[in-house]
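In case you want the letters, here they are:
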Amino acid sequence: MSQVLGKPQPEEEDDDEEDELVGLADYGDGPDSSDADPDSGAEEGVLDFSDPFSTEVKPRILLMGLRRSGKSSIQKVVFHKMSPNETLFLESTNKICREDVSNSSFVNFQIWDFPGQIDFFDPTFDYEMIFRGTGALIFVIDSQDDYMEALARLHLTVTRAYKVNTDINFEVFIHKVDGLSDDHKIETQRDIHQRANDDLADAGLEKIHLSIFFLFQNSGIEKAFLFDVVSKIYIATDSTPVDMQTYELCCDMIDVVIDISCIYGLKEDGAGTPYDKESTAIIKLNNTTVLYLKEVTKFLALVCFVREESFERKGLIDYNFHCFRKAIHEVFEVRMKMVKSRKVQNRLQKKKGATPNGTPNVLL
Ligand SMILES: Nc1nc2c(ncn2[C@@H]2O[C@H](COP(=O)(O)OP(=O)(O)OP(=O)(O)O)[C@@H](O)[C@H]2O)c(=O)[nH]1
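In short, a report on the structure. Sequence order sets the numbering: in each chain, residues are counted from 1 along the sequence as written. Owing to the predicted nature of the model, reporting of local features is limited to residues with pLDDT of at least 70; listing and counting of side-chain atom pairs is limited to 80 or more, with chain, interface and lining totals taken over all residues.

**Quick word on the site of the ligand**
The criterion for a residue being near a molecule or strand is a backbone-placed C-beta atom within 6 Å of that molecule or strand. Close to the ligand lie 19 residues, the nearest being Ser72, Ser73, Ser92, Thr93 and Gly116. Under the scheme used here, helices are H or I runs from DSSP no shorter than 4 residues and strands are E runs no shorter than 2 residues, and both carry numbers assigned from the N terminus. The element contributing the most residues to the shell around the ligand is helix H1 (residues 71-80), with three residues.

**Description of the sheet that holds strand S7 (residues 221-228)**
Strand pairing requires that DSSP identify at least two bridges connecting the strands. One open sheet accounts for five strands, arranged S8-S7-S11-S10-S9; its pairing is antiparallel. In this open sheet, the two strands that pair with only one neighbour each are strand S8 (233-237) and strand S9 (280-284). Geometrically, the sheet is characterised by an average inter-axis angle of 20 degrees between neighbouring strands, direction not taken into account. With four bridges connecting them, S7 and S8 associate as antiparallel partners. What sits directly across from Phe225, in S8, is Thr237. Contact between two residues is assigned when their C-beta atoms, built from the backbone, lie within 7 Å. All axes are obtained by fitting lines to C-alpha atoms, using only the stretch in contact for helices, and the reported angles, taken between N-to-C directions, cover 0 to 180 degrees. Where helix H7 (residues 314-351) meets the sheet, it contacts S7, strand S10 (289-295) and strand S11 (300-307), and its direction lies at approximately 155 degrees from that of S11.

**Topic: the pairing of S11**
When you tally the buried positions in S11, you get six out of eight residues, the bulk of the element. As defined by bridge partners, S7 adjoins S11 across seven bridges and the pair is classed as antiparallel. Pairing of Lys223 across the sheet is with Phe305, part of S11. Taken together, the seven bridges between S10 and S11 define a ladder with antiparallel strand orientation. Each residue of the ladder has a partner; that of Val290, found in S11, is Val306. Following S10, the chain reverses through four residues before pairing antiparallel with S11. To sort residues by exposure, count the other C-beta atoms lying within 10 Å of each residue's C-beta; 20 or more gives buried, 12 or fewer gives exposed, and values between give partly exposed, all with C-beta atoms placed from the backbone.

**Side note on unusual backbone geometry**
Of note in this structure, Arg68 is not a glycine but carries a positive phi near 65 degrees. The topology assignment puts Arg68 in the loop between strand S1 (60-65) and H1. A tally of 16 C-beta atoms within 10 Å means that Arg68 is categorised as partly exposed. Notably, Lys176 is not glycine yet its phi reads approximately 60 degrees, a positive angle.

Okay, here's the thing in structure tokens:
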């Protein structure tokens, strides 16, 4: 099982071979991510919104989509290391489930899983409040289903949300592509892209940008770690087991890259940085595996193990990497915005003589 901000855990029996959600790192589970009771989330109709002045306010990501589209499965596989096969037994979600993903200083947000059947435009739901504090809205579409209803719902959701908050990032996940042929996948993505954007254009909302992509079931990446380059602690990994040898090999690769850059990459007066956005390295091992390192942020690197034959489709791997990097940057941006706005709000509150949590200061 993966661990967050930690060294590898002992291997666990896990027959699940597939890295189902490559392109999204698994930020692990365990005590770190379970610091909030998943069921402590707002009950249907009884939303318990975070106090905007509380220091607990976190960037919020909403998971929406029709019933059985796979929202809870995505959350469980990504954040709880559930094997994709086990998602078959997931019960339908009947209330909004909120969960804190606050495993480290790098990744810190709250994810809200909405039940598919919920009518969040029901007057009893304060959707304005929901969307106002939202950083990203992920809309999941089941590609094996007739997706016309999903597209109508997507349009309604996006237009409502945008009216309340123009800063929301809209991400559309085309899910369950495992059942589609390669041709059908491309055709489905093209069709969904076209229809979703046409609907927005018809509503005069071309400026809304929808990022639409597949959740790759098999990108050819065998194992991936998101490393903090300086400490060589991995802050996230995928759902396959971690073994010490693999982890150490990744650490060695980071050392090699940084050492070589320090020796030959810096200017004579020592100017420059040994690690920047151009940093990348590929090492072919003698066991038909390729080690691939790429910069994600100035602190983080993704280190992957890729089968040699899969590496021939390097474009696909790079595309996955690109989506992943973009998602990480968006999470950081959302987080920075929230931190800034919280500071401003706290300052304003202080000026007004109230404590950050909204209770007036009482001077005794
Ligand atoms: N073929 C396939 N099935 C999947 C995949 N992901 C999830 N499923 C299945 O889709 C079904 C519905 O998954 P859920 O995660 O419960 O869907 P949901 O959107 O949370 O559903 P509600 O809670 O009813 O809104 C389950 O039987 C899952 O096993 C996938 O990648 N491929």
